[in-house]
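Residue-level listing of the chains:
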Amino acid sequence: MNFSDFDLSKNSDALLPVVVQDSSTLKVLMVAYMNEEAFEKTKATKLATFYSRSRNALWVKGETSGNYIEVEAMYADCDNDTLLLMGKPHGPVCHRGTKSCFDTKENEGFIRKLQAVVQQRHADMPKESYTTYLYNKGVNKIAQKVGEEAVETVIEAVAGNKERYLYEASDLIYHLLVLNEQMGVTLEDIEKELASRHK
């Protein structure tokens, strides 16, 4: 992807609008602008870098706060006049100290965030982590826990106990994420499988 590929003819300032999205939760974080220099610096450093219209200068997101955005993917829109930047935020993105500049639901996309935590636990295997304990025990133990939580979820559903059902269903989803990681399967893989059936 090159900056010259974008059609900026409709923009009087020749700046590229950029929508920034959390690559883990898919939460929209902010909107900013890039000139060619900011675009090239972002590609080279993998840190989100923008052009400030008010200061007429480049700025690396997080250069003063430490709340960088680590770029993982970039996509042009269908008209080649806007960029979608997907990345991993290191701390709050908004100057208000919030995760996003948009006041969407606070826990939006949390299951994807939890998946990322489970994947990181598997990579790091921290000693005091319950997730590490499960991975040390292996697939049989993890699968057993999924089965147990599934049964407990069904029992609470049949009993009509919504509060306990919610608790057990949450346990089931967590353990299923652990099993997914053990099996090399992601939520994205499951989405693709479900989408392939929806015809």
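Refer to the preceding data block for the structure.
From a predicted model like this one, the values you see are computed outputs, not experimental measurements.

*Asks:* Would you take a moment to explain the pairing of strand S4 (residues 57–60) for this structure?
*Replies:* In the case of a regular strand, side chains alternate between the two sheet surfaces. Pairing of strand S3 (residues 49–52) with S4, which is carried by 4 bridges, proceeds in the antiparallel orientation. Residue pairing in the sheet places phenylalanine 50 in a bridge with tryptophan 59 of S4. Between the end of S3 and the start of S4, which pair antiparallel, lie 4 residues, with asparagine 56 showing a positive phi angle near 50°.

*Asks:* Sorry, what's going on with the nonpolar core here?
*Replies:* Soluble globular proteins tend to pack their nonpolar side chains together in the buried interior. Within the largest apolar cluster, 21 residues are counted, with the highest numbers of intra-cluster contacts made by Met30, Met34, Phe50 and Leu85. At the level of secondary structure, the elements contributing two or more residues to this core comprise strand S1 (16–22), strand S2 (28–34), helix H1 (36–45), strand S5 (69–76) and strand S6 (83–89). Per-element tally for this core: the top contributor is S2, with 4 residues. Beyond its immediate chain neighbours, meaning those up to four positions away, leucine 85 contacts Val18, Val19, Val20, Gln21, Met34, Thr42, Ala48, Ile69, Val71, Ala73 and Met74. In this structure, Val118, Leu134, Ile142 and Val178 belong to the second largest nonpolar core, which totals 10 residues.

*Asks:* Help me understand the pattern of salt bridges in this model?
*Replies:* Close approach of charged atoms lets side chains of opposite charge pair. This model, assessed by the stated rule, comprises 7 salt bridges. Between arginine 197 and glutamate 193 there is a salt bridge, and its shortest N-O distance comes to 3.0 Å. A residue pair is termed a helical-turn pair when its members lie 3 or 4 positions apart in one helix, as arginine 197 and glutamate 193 do in helix H6 (residues 187–197) at 4 residues. Using a relative accessible area of 60% as the deciding quantity, one classes arginine 197 as exposed. Overlapping salt bridges, with partners in common, bring together Arg112, Glu188 and Glu191 in one network.

Each value, and the rule that gives it
Residues numbered from 1 in each chain as written. Predicted model: local features only at pLDDT ≥ 70, side-chain atom pairs only at ≥ 80, totals over all residues. Heavy atoms only, no water. Pairing = 2+ DSSP bridges. Helix = DSSP H or I, 4+ residues; strand = E, 2+ residues; numbered from the N terminus. Core = buried A, V, L, I, M, F, W, Y, C linked by side-chain atoms within 4.5 Å. Buried < 20%, exposed > 50% of the residue type's maximum accessible area, 1.4 Å probe, protein only. Contact = heavy atoms within 4.5 Å. Salt bridge = Lys/Arg side-chain N within 4 Å of Asp/Glu carboxyl O.

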